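# A look at the structure
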Amino acid sequence: MSKTPDGRPGTLGGMTRIEQLYPRLPVRGADAAIAFYRDAFGAELVERYATPEGAVVHALLRAGPVQWAVKDGDEYDPAPPDGGGSAILALYVEDADAVGAAMEKGGATVRFPIADQPYGERGGRLTDPFGHQWMVAQRTENLTPEEVEERTKAMFAE
């Protein structure tokens, strides 16, 4: 693997070094989604671009070190059907119960209630009002991969 001038990993197998990766969530009602994510996650709006008619073509949000984008769904990037999108976003937070409650207050529906999990997390899954699923969790134990595997097998054996 090559190195950049500042010593960071460079290319891998001839591919360019990845500098950023974030999900883009097509939704029905991007401005409402922006408000939801601001209220539920404390996100800040970094940038927003719209057509002359007002359709959001790109809005970048940030909460702590995490970034994601939303846009109004269209013929090129359709919004998911109600009840679930094609991706599930995993969000680790300090207080899963508080974030889950804020999401529910904003109109999210609970798919799996937030609860203690045998694999060392407290978490659950909610679908936001725009059809995207969020696994909201906080780590409660520092387990080794072997311990997680053992507990996962036991969980599915029951």
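Owing to the predicted nature of the structure, the values given are computational and were not obtained by experimental measurement. Sequence positions are assigned chain by chain, starting from 1 and proceeding in written order. The predicted origin of the model limits local features to residues at a pLDDT of at least 70 and limits the giving and counting of side-chain atom pairs to 80 or more, whereas totals for whole chains, interfaces and linings rest on all residues. Just so you know, side-chain values use all the structure's heavy atoms and leave hydrogens and water out.

### Concerning the sheet that holds strand β3 (residues 56–63)
Here a strand pair is declared whenever DSSP counts at least two bridges between the two strands. Per the convention used, a helix needs a DSSP run of H or I reaching at least four residues, while a strand needs a run of E reaching at least two, with both numbered from the N terminus. Reading across from one edge, β1-β4-β3-β2 is the order of the four strands in this open sheet, with mixed pairing throughout. Either end of the sheet is taken by a strand with one partner, and the two such strands are β1 (24–27) and β2 (44–50). Direction aside, the axes of adjacent strands within the sheet are offset by 20 degrees on average. The strands touched by helix α1 (residues 30–41) are β1, β2, β3 and β4 (66–72); relative to β4, the strand with the most contacts, the crossing angle is about 155 degrees. To define axes, lines are fitted to C-alpha atoms, for helices over the stretch in contact only, and angles between the resulting N-to-C directions are given on a 0 to 180 degree scale. Contacts between residues were defined by any pair of non-hydrogen atoms, one from each residue, lying within 4.5 Å.

### Quick look at α1
To estimate how far a helix should extend, the number of its residues minus one is multiplied by 1.5 Å. A rise of 1.5 Å per residue sets the reference length of α1, with its twelve residues, at 16 Å; its end C-alpha atoms lie 16 Å apart and thus fit the reference within 8%. At the C-terminal side of α1, Gly-42 shows a positive phi close to 70 degrees.

### Some points on the nonpolar core
Nonpolar core, defined: a set of buried Ala, Val, Leu, Ile, Met, Phe, Trp, Tyr and Cys residues in which side-chain atoms within 4.5 Å join the residues together. Burial status follows relative accessibility: with a 1.4 Å probe on protein chains alone, a residue under 20% of its type maximum counts as buried, one over 50% as exposed, and anything between as partly exposed. Among the nonpolar cores identified, the biggest contains 27 residues, and Leu-25, Tyr-37, Phe-41, Trp-68, Val-70, Met-103 and Trp-134 are the most heavily contacted of them. Of all the secondary-structure elements, those providing two or more residues to this core are β1, α1, β3, β4, β5 (88–92), α2 (96–105) and β8 (133–139). The leading source of residues in this core is α1, at seven residues. Among all residues touching Trp-134, those that are not within four sequence positions of it are Leu-25, Tyr-37, Phe-41, Trp-68, Leu-89, Leu-91, Met-103, Gly-124, Arg-125, Leu-126 and Asp-128.

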